[in-house]
Amino acid sequence: MQHVLTLIAPAGQLPAPLIARVRSALVTLGANAGSPDWLAEAEAVDLPFDGLAAEQAQAAAAAAFEGAPVDSVAQPAEGRRKRLLIADMDSTIVTSETLDELAAYAGLKERVAEITRRSMNGEIDFATALRERVAMLKGLALSALEATWAETRVMPGAKALVRTMAANGAHCALASGGFTFFTGRVAEKVGFTSHHANLLEDDGATLTGTVAEPIFDRHAKLTTLKRLAAELGLPLADTLAVGDGANDLEMLAAAGLGVAYHAKPVVAAAARVRVDHTDLRALLFAQGYRAAEFVT
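Residues numbered from 1 in each chain as written. Predicted model: local features only at pLDDT ≥ 70, side-chain atom pairs only at ≥ 80, totals over all residues. Heavy atoms only, no water.

J.: Please explain the sheet that holds strand β8 (residues 194-198) as it appears in this structure.
T.: Two orientations exist for strands paired in a sheet by backbone hydrogen bonds: parallel and antiparallel. One open sheet holds the 6 strands; their spatial order is β8-β7-β6-β11-β12-β13, and the pairing between them is parallel. Both outer strands of the open sheet, β8 and β13 (273-275), are each paired with one neighbouring strand and no more. Within the sheet, the average angular offset between the axes of one strand and its neighbour, ignoring direction, is 20°. Pairing analysis gives 4 bridges linking strand β7 (residues 171-179) to β8, with the strands arranged parallel. Opposite A175, over in β8, you have H196 as the bridge partner. Taken strand by strand, helix α8 (residues 180-190) contacts β7 and β8, and its axis lies near 155° from that of β7. (Pairing = 2+ DSSP bridges. Helix = DSSP H or I, 4+ residues; strand = E, 2+ residues; numbered from the N terminus. Axes fitted to C-alpha atoms, helices over the stretch in contact; angles between N-to-C directions. Contact = heavy atoms within 4.5 Å.)

Put into C-alpha cells, the structure is as follows:
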C-alpha cells in the first residue's frame, strides 16, 4: 500500500484492541487498511493504508486513541528511511537547557531560564535573547562549563536514534542554538557525524559575556539542513529534522519528516508530526525500523 500509519506508545502500552479501533476508524473514513505489522511488541506497529490523506489518517487515529498515550505518524510508505538527520540539542538530544544550567553557577538560573522559555516559545527574538543571556554570564569561570557538562544527561532514545541511522548510512548532524563546547561533547558521546552551534567567547579563564557572530539561529539551522542535503546529493524529502523550540520551526517545515519532540506550544501547534508521549526511538519506528535493528 502507498501509505503507512505508525502507532508508538511507551513500552507495553499499545494493546491490540486499540490498534483494531484505529484500523476501524480508517475503514470508516473510506480507507483500505492492511494488517498490523508489529515493529516492537505492544510498543510500535505499522498500519498500511490507501485511499486517505496522511493528515486525515493521523487525525482519525488521534480521535481513536481516546486519551491513550500514543504517538502517530502517517506518511507515504516509500522513502521512509531518511539519509540525513538534523537534530536540535537542548531539550531534544539532552534533557536540559545547557545555558540555563550554566547560568546556575552565576546564581542566575531563574532569570536566564525565563528568557529561554520566552525565546523557545517564539515570544522574543532568538539572537537578541541569546546575546542578553550570555552577557549576564560575563566573568563566570570556565570551570562552570565543565561542571555543567558533568551534569548534562542524554535524552532517552537519543543514542539508539543516532547510532542506528548512522549504522545504516545516514549523516547525523547536531544543530544547536547553544554552544560548541557542549555540542562537540554531545556529538562524540551520542555518535553524531557533525555538529553546528554558537561559539561562546572567553579570555582563557572566564567568559567574556559575548558570543561569536553570526549567531547560529533558526535561519542557520535551515541553511545547514539545505547545505548538508546538497553536499550529500539528497533531496529534502530524504531528510529528518527534530526539535522542540521556535528556532527549530523552519528546519522542521523544510525536512521530509519534521518532528516536534515534546515541544513548546508554538512548535507543537505548527508541526504536522509530534512526539508527545514516547522517547526518541519513536523516530526510528516512524522510519520503519524494527526494535531488533536498533543499534545502542
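J.: How do you make sense of empty space enclosed by the protein when you look at a structure like this?
T.: Once rolled over the atoms, a probe with the size of a water molecule shows which space is left empty. What the rule picks out here adds up to 2 cavities of 30 Å³ or more. Size it by volume and the largest cavity reaches roughly 140 Å³. Lining the largest cavity we find 16 residues, and of these D90, E97, F126, G177 and G178 sit closest to its centre. Contributions of two or more residues to the lining of the largest cavity are made by α3 (98-103), α4 (109-120), α5 (126-135) and β7. In terms of residue count, the dominant contributor to the lining of the largest cavity is β7 (4 residues). Residues of the lining of the largest cavity, tallied by class, amount to 5 nonpolar, 6 polar and 5 charged. Here the second largest cavity defines a volume of roughly 30 Å³. Around the second largest cavity, the lining residues are V73, L257, V259, V273, V275, A282, L283 and A286. For the lining of the second largest cavity, the secondary structure elements donating two or more residues are β12 (257-261), β13 and α12 (282-286). For the lining of the second largest cavity, the element with the highest residue contribution is α12, accounting for 3 residues. (1 Å grid on protein atoms, 1.4 Å probe; cavity = no way out; pocket = protein on both sides within 12 Å on 5 of 7 lines; lining within 4 Å. Points joined across faces, edges and corners; volume = space filled by probe spheres on them. Nonpolar A, V, L, I, M, F, W, Y, C, P; charged D, E, K, R; others polar.)

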